[in-house]
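Observations on chain architecture
Take a look at the letters that make up each chain.
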Amino acid sequence: LLMGTTSSTESAQTVLERTVVASTRWLSLVTLTYRDAKGESRKWDLVSRTTKRSPTAADAVAIFVKLRGAGKEASTMLVRQFRPPVNAYT
């Protein structure tokens, strides 16, 4: 898949429902119901800060992998996949 393009599989994946399971002053436990690439309904649990300025703002973790092999130039692999917590591909 080329950057900037969208496949029919991508457009089918979406968050259907967000249910707050529990909440404290600082954190909220949420269960998402989303449709996967095969059209099946699935669940995803996440924890979100209640102090975010916008409910659509993402808390993030970034993992950067650098592939190195003996006698080879270092390279990077990027994976584009549907992320239910942000209801988008990243």
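Residues numbered from 1 in each chain as written. Predicted model: local features only at pLDDT ≥ 70, side-chain atom pairs only at ≥ 80, totals over all residues. Heavy atoms only, no water.

**Description of the sheet that holds strand β2 (residues 27-35)**
This is how the line gets drawn: Two strands are counted as paired when DSSP detects at least two bridges linking them. Strands are runs of DSSP state E lasting at least 2 residues, helices are runs of H or I lasting at least 4, and numbering of each runs from the N terminus. Axis angles are defined between N-to-C directions and span 0 to 180 degrees, where every axis is a line fitted to C-alpha atoms and, for a helix, only to the segment in contact.
Here we have 3 strands laid out as an open sheet, ordered β1-β2-β3, and antiparallel in their pairing. Sheet topology places β1 (14-23) and β3 (41-49) at the edges, where each strand pairs with a single neighbour. The average undirected angle you get between the axes of adjacent strands in this sheet is 25°. Strand direction decides the pairing type here: β2 and β3, joined by 9 bridges, are antiparallel. For L29, the partnering residue across the bridge sits in β3 and is V47.

**Notes on a nonpolar patch on the surface**
Selection rule: Residues with no salt bridge and a relative accessible area higher than 30% make up the patches, which join like charges within 9 Å and nonpolar side chains (Val, Leu, Ile, Met, Phe, Trp, Tyr) within 5 Å. Computed with a 1.4 Å probe, the accessible areas rest on the Shrake-Rupley method; for each residue, only the protein chains presented here act as cover. Just to be clear on terms, a salt bridge is a Lys or Arg side-chain nitrogen sitting within 4 Å of an Asp or Glu carboxyl oxygen. Relative accessibility under 20% of the residue-type maximum defines a buried residue, over 50% an exposed one, and the middle range a partly exposed one, all with a 1.4 Å probe and only protein chains included.
Where nonpolar side chains cluster on the molecular surface, the patch consists of V21, W26, L27, L29 and V47 and spans about 480 Å² of accessible area. Relative to the assigned elements, L27 resides in strand β2. L27 sits in the partly exposed class, given a relative accessible area of 42%.

**A short note on the environment of S41**
What counts, and what does not: We call two residues in contact whenever any of their non-hydrogen atoms come within 4.5 Å of each other.
Position of S41 relative to the elements: it lies in strand β3. Sequence separation of S41 and Q13 is 28 residues, and the distance between their C-alpha atoms is 9.7 Å. Beyond its immediate chain neighbours, meaning those up to four positions away, S41 contacts T33 and Y34.

**Quick word on the side chain of S48**
Cut-off, in case you're wondering: Identification of polar contacts relies on pairs of N or O atoms within 3.5 Å, with a donor-acceptor requirement for protein atoms, meaning one able to donate a hydrogen and the other able to accept it, and with residues adjacent in sequence counted only if both atoms are side-chain atoms.
One can find S48 in strand β3. With relative accessibility at 11%, the residue S48 sits in the buried group. A polar contact is formed between the side chain of S48 and the side chain of K52, at a distance of 3.2 Å.

**A short note on the pairing of β2**
Pairing between β1 and β2: 8 bridges, direction antiparallel. When the sheet's bridge partners are listed, T14 is paired in β2 with R35. Remark: 3 residues form the turn of the hairpin made by β1 and β2, two consecutive strands paired antiparallel. The turn joining β2 and β3, which pair antiparallel and follow one another in sequence, is formed by 5 residues; a positive phi near 85° is taken by G39.

**Regarding the nonpolar core**
The cut-off we apply is this: The criterion is simple. A nonpolar core is a set of buried Ala, Val, Leu, Ile, Met, Phe, Trp, Tyr and Cys residues joined through side-chain atoms within 4.5 Å.
V15, V30, L32, Y34, L46, F82 and Y89 together form the largest nonpolar core, which totals 7 residues. With 3 residues, the top contributor of residues to this core is β2. When residues no more than four places from it in sequence are discounted, the contact partners of F82 are Q13, T14, V15, Y34, N87, A88 and Y89.

**Things to note about the side chain of T33**
Looking at where T33 falls in the secondary structure, it is placed in strand β2. Residue class for T33 comes out buried when judged on its relative accessible area of 8%. Among the polar contacts made by the side chain of T33, one reaches the side chain of K43 at a distance of 2.9 Å. Residues within four places of T33 in sequence aside, it is in contact with V15, L16, E17, S41, R42 and K43.

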